[in-house]
Amino acid sequence: MKTINIALLGFGTVGSGVAETIKRNSQMMAEQLGCQLKITYVLVRHPDKYKNVPLLEGVHLTSSFEEIMADPDIGIVVEVMGGIHPAKEYIFEALNHKMSVVSANKDVVALFGPEIMHTAMENHVNFSCEASVGGGIPILRPLHDSLAANEIESIVGIVNGTTNFILSSMDEEGVSYSDALRVAQKKGFAEADPTNDVCGYDAARKLAILASIGFRANVTFDDVLVEGIEKISQKDVQYASEMGYAIKLLAVGTRQDNGIALNVYPAFVPRTHPLASVKGSYNAIYVTGNIVDDVMFYGRGAGSLPTASAVMADVISTAKHIMNGSTGTGMMLTETKRIPFYSSLKLKNSYYFRLIVDDVTGVLSQIASAYADHDISIKEVVQKSRFEDAAELMIITQDTPRENIIQVEKALQVLPCMRQVANIVRVMNDDRE
Ligand code: NDP
Ligand code: HSE
């Protein structure tokens, strides 16, 4: 039986999951493919660290990428080391050596996706990256193929396992933000630099990839406006819950009349919406097409074996192409066309405000006037607690353009009664019928 040799770049959370998957399911894969998949090289920075790992018995452990490129028997390079450099250079070099590449690296794909795809096609090899979005959830191929008959109207995703784990832990167990982050890191969900998770950059990269496929355009990380969860406090989580919402970090791509809008931000999600029930390291991507209406993809968004499942799906698909001589065809992310972007200042949302104010007569009328002056209609007001002659007010607005919210924040800050505009968070509407 033919063997397809694999070089694995990286042996951390995902790389070890890939090796484990091949070990557990090799016979089933061989029957499916008519060939064996074998890891022959593993590239790491510090080979000594991995010397006694049982999964690596019989595998050549190296820190030299050149050694791998010099071996003409490598069929597939699996890049699961992360970061932009040298991962990007290694991907291009492998493709130019006529080796197919599978990667889980959204940092690289979100910046260089089309360029990488064109290099792969020129070399008649494959590049695939299913695991770069949504961990184990099949989303890129279904968005590209299964929803091909649709004009995609919107993509709303919970696409970062670390932040979803943190927000769920704060909501359900009252765990502090920093303790929850520590657990997410221990479980292998977080990026090497967790700032990428909590500041929303990881979700923005994933949104760029989803939008490129869904809106058939060349969208990069730089096109996404990003806010993270750093300002979300235990109080916001608790008040959201009491008001019937869960706070989620959302990646939102919408088609507007004159362009697409791409934003990552934390939002109050109504408990009635399916995205509110996505907890822990689970992810979900809620897609609306003009023919299918709404579909939701759900599953583990991070972690060793779930992510390896997506990586190995790409490896198996690539192996099939190698076996039938069709590598370099049917690729995603090939669009180079740019499309207009809609100004996020015009985007309308309902907003939650948490205000700390003096507890004196006339405060509510001062605040109500500020909103009215900026053409903002108030939907709900709750006074939550009183402490040291101050009151805490929660205000939820009707749908309002972002630019009015920025203006009213400035006006509120200078009101004589205002002690602190403690937080402003978008509120998602559940407008499903
Ligand atoms: P880890 O930090 O757990 O592992 C990284 C591995 O790559 C280590 O073995 C490390 O070796 C090796 N490595 C890093 N840099 C280099 C380099 N310059 N040269 C050689 N080897 C290197 O990362 P993960 O497994 O968590 O993530 C890998 C990729 O998968 C990232 O792109 C990540 O975004 C993506 N991903 C991760 C998911 C997850 O749940 N963790 C889910 C989906 C995607 P050494 O120990 O010697 O430094
Ligand atoms: N750090 C990422 C997350 C890994 O938490 O979702 C999966 O891409």
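Quick caveat, the model's predicted, so the values are computed rather than measured.

Participant: Before we go on, may I ask you to explain the pattern of salt bridges in this structure?
Facilitator: Once the charged atoms of two side chains with opposite charge are near each other, the side chains can pair. By the definition in use, this model includes 21 salt bridges. When the shortest N-O distance is used, the salt bridge between Arg205 and Asp107 registers 3.7 Å. Of this pair, Arg205 sits in helix 9 (residues 201-214) while Asp107 sits in helix 4 (residues 106-122), and the two are 98 residues apart along the sequence. The buried category is assigned to Arg205, whose relative accessible area is 10%. We note a salt bridge from Arg426 to Glu227, for which the minimum N-O separation is 3.2 Å. In this pair, Arg426 sits in strand 17 (residues 418-427) while Glu227 sits in the loop between strand 8 (225-226) and helix 10 (234-242), placing the two residues 199 residues apart along the sequence. Where salt bridges share partners, they join Lys106, Glu191, Asp202 and Lys206 into one cluster.

Participant: Sorry, what's going on with the pairing of strand 7 (residues 152-158) here?
Facilitator: In the case of a regular strand, side chains alternate between the two sheet surfaces. A large share of strand 7 lies buried, amounting to six of its seven residues. With four bridges joining them, strand 7 and strand 9 (residues 245-256) adopt antiparallel strand pairing. In the sheet register, Val156 faces strand 9, and the bridge partner there is Val252.

Participant: Quick question: what am I supposed to make of the layout of surface pockets here?
Facilitator: Rolled over the atoms, a probe with the dimensions of a water molecule shows which regions are left empty. Reported here for the largest pocket is a volume of approximately 1100 Å³. Contributing to the lining of the largest pocket are 46 residues, with Val80, Met81, Gly82, Gly83 and Ala192 lying nearest its centre. Breaking the lining of the largest pocket down by element, the ones donating at least two residues are helix 1 (13-33), helix 4, helix 8 (195-198) and helix 9. In the lining of the largest pocket, the residues fall into 16 nonpolar, 20 polar and ten charged.

Participant: Would you take a moment to explain the domain arrangement of the protein for this structure?
Facilitator: Often, the extent of an interface is quoted as the loss of accessible area upon association of its parts. What the domain assignment lists for the protein is domain 1 (2-132 + 304-324), domain 2 (140-300) and domain 3 (347-427). Relative to domain 2, the C-alpha centre of domain 1 lies at a distance of 27 Å. Between domain 1 and domain 2, the contact holds eleven residues from the first and 16 residues from the second. Together domain 1 and domain 2 conceal approximately 1100 Å² of surface at their shared face, both sides included; 60% is due to carbon and sulfur atoms. Contact with domain 2 buries surface across domain 1, with Lys106, Ala110 and Glu130 losing the most and accounting together for 44% of the total. On the surface where domain 1 and domain 2 come into contact, there are three salt bridges. Note that Lys106 is salt-bridged to Glu191, the shortest N-O span being 3.1 Å. Summed over the shared surface of domain 1 and domain 2, the result is five residue pairs in polar contact (both at pLDDT 80 or more). Counting residues per element, the side of domain 1 that touches domain 2 draws most heavily on helix 4, at six residues.

Participant: I'm lost on the site of ligand 2 in this one. Help?
Facilitator: Taken together, 13 residues lie near ligand 2, and Lys106, Gly161, Thr162, Phe189 and Glu191 sit nearest. The contact in question runs from an oxygen atom of ligand 2 to an N or O atom on the side chain of Lys206, over 2.7 Å. Burial of ligand 2 by the surrounding chains reaches 93%, relative to a free accessible area of 250 Å². Judged by its atoms lying within 2 Å of the grid points, ligand 2 is housed in the largest pocket.

Participant: Before we go on, may I ask you to explain the site of ligand 1 in this structure?
Facilitator: For ligand 1, the set of nearby residues contains 24 residues, the closest of which are His46, Lys49, Tyr50, Glu191 and Gly303. Within the side chain of Arg45, one N or O atom sits 2.9 Å away from an oxygen atom of ligand 1. Within the backbone of His46, an N or O atom sits 2.8 Å from an oxygen atom of ligand 1. Contact with the protein chains covers 87% of the free accessible surface of ligand 1, which is 900 Å². When its residues are assigned to classes, the shell around ligand 1 shows eleven nonpolar, nine polar and four charged.

Participant: Please explain the sheet that holds strand 3 (residues 60-62) as it appears in this structure.
Facilitator: Strands pair in a sheet through their backbones, by hydrogen bonds, and they do so in one of two ways: parallel or antiparallel. In spatial order, the strands read 3-2-1-4-5-6; together these six strands make up an open sheet with parallel pairing. Edge positions in the sheet fall to strand 3 and strand 6 (127-128), since each has one partner strand and no second. Strand direction decides the pairing type here: strand 1 (residues 2-9) and strand 2 (residues 35-43), joined by eight bridges, are parallel. Bridge pairing in strand 2 links Ala7 to Tyr41.

Participant: Got a minute to help me understand the nonpolar core in this structure?
Facilitator: Within soluble globular proteins, side chains that are nonpolar generally end up buried alongside one another. One finds Val77, Phe127, Ile139, Leu140, Leu143 and Leu210 to be the most contacted residues of the largest nonpolar core, which totals 82 residues. Looking at this core element by element, the count peaks at eight residues for helix 9. If you look at the next biggest cluster of nonpolar residues, it comprises 31 residues, including Ile6, Cys35, Tyr50 and Met312.

Participant: Which parts of the structure should I look at to understand the side chain of Lys206?
Facilitator: By secondary structure assignment, the location of Lys206 is in helix 9. Under the relative-accessibility criterion, Lys206 is labelled buried at 5%. Among the polar contacts listed, one links the side chain of Lys206 to the side chain of Asp202, at a separation of 2.6 Å. Each residue touching Lys206, except ones within four places of it in the same chain, is listed here: Lys106, Ser132, Val133, Val159 and Asn160.

Participant: Can you walk me through a negative patch on the surface in this structure?
Facilitator: On the surface, a cluster of negative charge is contributed by Glu153, Asp293, Asp294, Asp399, Asp431 and Glu433. Residue placement: Asp431 occurs in the segment after strand 17.

Participant: Mind showing me how you'd approach helix 3 (residues 87-96) here?
Facilitator: Side chains of residues three or four places apart in an α-helix project in the same direction, reflecting 3.6 residues per turn. The buried fraction of helix 3 amounts to seven of the ten residues, a majority that puts the element mostly inside the structure. Along helix 3, the positions that sit buried rather than exposed are Ala87, Lys88, Tyr90, Ile91, Phe92, Ala94 and Leu95. Note on helix 3: the residue one or two positions beyond its end, Lys98, has a positive phi of about 65°.

Reading the values: the criteria
- Residues numbered from 1 in each chain as written.
- Chains lettered and ligands numbered in written order.
- Predicted model: local features only at pLDDT ≥ 70, side-chain atom pairs only at ≥ 80, totals over all residues.
- Heavy atoms only, no water.
- Salt bridge = Lys/Arg side-chain N within 4 Å of Asp/Glu carboxyl O.
- Helix = DSSP H or I, 4+ residues; strand = E, 2+ residues; numbered from the N terminus.
- Buried < 20%, exposed > 50% of the residue type's maximum accessible area, 1.4 Å probe, protein only.
- Pairing = 2+ DSSP bridges.
- 1 Å grid on protein atoms, 1.4 Å probe; cavity = no way out; pocket = protein on both sides within 12 Å on 5 of 7 lines; lining within 4 Å.
- Points joined across faces, edges and corners; volume = space filled by probe spheres on them.
- Nonpolar A, V, L, I, M, F, W, Y, C, P; charged D, E, K, R; others polar.
- Domains from an automatic or database assignment.
- Contact = heavy atoms within 4.5 Å.
- Buried area = accessible area lost by both parts, 1.4 Å probe.
- Polar contact = N/O pair within 3.5 Å; in protein donor to acceptor, adjacent residues only side chain to side chain.
- Near = heavy atom within 4 Å.
- Areas by Shrake-Rupley, 256 points an atom, 1.4 Å probe, with all protein chains shown as cover.
- Sits in = over half its atoms within 2 Å of the grid points.
- Core = buried A, V, L, I, M, F, W, Y, C linked by side-chain atoms within 4.5 Å.
- Patch = residues over 30% accessible without salt bridge, like charges linked within 9 Å, V, L, I, M, F, W, Y side chains within 5 Å.
- Lys, Arg positive; Asp, Glu negative; His and termini not counted.
- Charge placed at Lys NZ, Arg CZ, Asp CG, Glu CD.

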